[in-house]
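Geometric and topological summary
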Amino acid sequence: MTLLSETRPADPVAAFEAGRRALLRQRRRATLIGLVLFVAAIVAGGYIGEFYPSKLAAGVPRIGEYFERTLPTLHWGELISDSKTKGSVAYWYYRAGSYLVLLWQTAQMAILGTVLGAAAALLLSFPASRNLVRSHLVYHLSRRFLEICRSVPDIVYALCFVWAYGVGPLAGILAMAVHTTGALGKLFSEVNEAVDDKPLEGIRAAGGTWVQIMRFGVLPQVLPSFLSYGLLRLEINIRSASVLGFVGAGGIGQELYYIVSFNYYEELSALVLMIVAAVTLIDLGSERLRSFFLPREAH
């Protein structure tokens, strides 16, 4: 009897509870360590970035002072007077015509850069999808190329293209196209990796080539998501195009840099309001396009 009692297995419920408690202790320990590391990283980042509450509080009045300087001097009696009357809206926007031309150029830059980048991303997304290529070399080369395109900021690409092609919108278009290729290529490839394999297997069994599999098996499944991401990228590029002009890449950014450099405060507020209005209109138009092409997602 003693021998049988010594060899009897332990209570399975007690063993389960002991294992569960050990697992919970391990998870709590890992969570605590992760939380401590996260807080330490935040504190270190704040120290390196000089993110001090006292410094933030001291700079708030200066921000308000700067915005106050950009406010126009308007007089109620002269609001609708001509552009030569100080205190009128027309006097504040005396360069509205040239601003509109530059805004139109900026929108064209963003649209063309987005179209070129999206087309390149579409072609590269298929070899950059793990489930669509058998060659590891092709997959990794495509992935690394897309990483290079999106890792470098578009303003750095703009500097390179300004040096190569000179000051003008061409440098901005090429910079946005390269960066858009990398950003959309990653998103497109991740969409490709989530496709249903059954249509692909059917086309492959019927003797279809790799290109035919991509065209008739993958593209119909992913096209709605591609359009949605492409329109979102267009909105992002509209805002980026307004900044690329700071390095001579054309568009409204060059005029904005000139105004900021010479402290033309009232002109700055006029131009910034026009940029905000233009970006808002383009965002609304992009939303309408998304609703038109993707009615289900819109609702």
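Residues numbered from 1 in each chain as written. Predicted model: local features only at pLDDT ≥ 70, side-chain atom pairs only at ≥ 80, totals over all residues. Heavy atoms only, no water.

For the record, the criterion: UniProt positions are given in the numbering used here, feature names are shortened, and annotations may be inferred rather than shown by experiment.
Named according to an unreviewed UniProt entry, the protein is Phosphonate ABC transporter, permease protein PhnE originating from Inquilinus limosus. What UniProt states about the protein under its Sequence similarities (unreviewed entry) heading is, verbatim, "Belongs to the binding-protein-dependent transport system permease family." Quoted verbatim from the Subcellular location (unreviewed entry) field of UniProt, the annotation for the protein is "Cell membrane".

Describing the state of the cysteines
Heads up, the condition is: A pair of sulfur atoms, both from cysteines and within 2.5 Å, is called a disulfide here. Accessible area is worked out with a 1.4 Å probe on protein chains only. A residue is then buried under 20% of its type maximum, exposed over 50%, and partly exposed in between.
Under the criterion given, the structure shown has 0 disulfides. Considering cysteine sulfurs only, Cys160 is the nearest to Cys149, which forms no disulfide, with 13 Å between them. You can call Cys149 buried: its relative accessible area is 5%. Here Cys160 falls in the partly exposed class, since its relative accessible area comes to 45%.

Some words on the UniProt feature "domain: ABC transmembrane type-1" (unreviewed entry) in the protein
Definition in use: Elements are defined by DSSP. Helices are runs of H or I of four residues or more, strands are runs of E of two residues or more, and each kind is numbered from the N terminus.
Taking the UniProt record as the reference, the feature "domain: ABC transmembrane type-1" (unreviewed entry) is found at residues 103-286. For the annotated span residues 103-286, helix accounts for 82% and strand for 0% of the residues, and the straight-line distance between the end C-alpha atoms is 17 Å.

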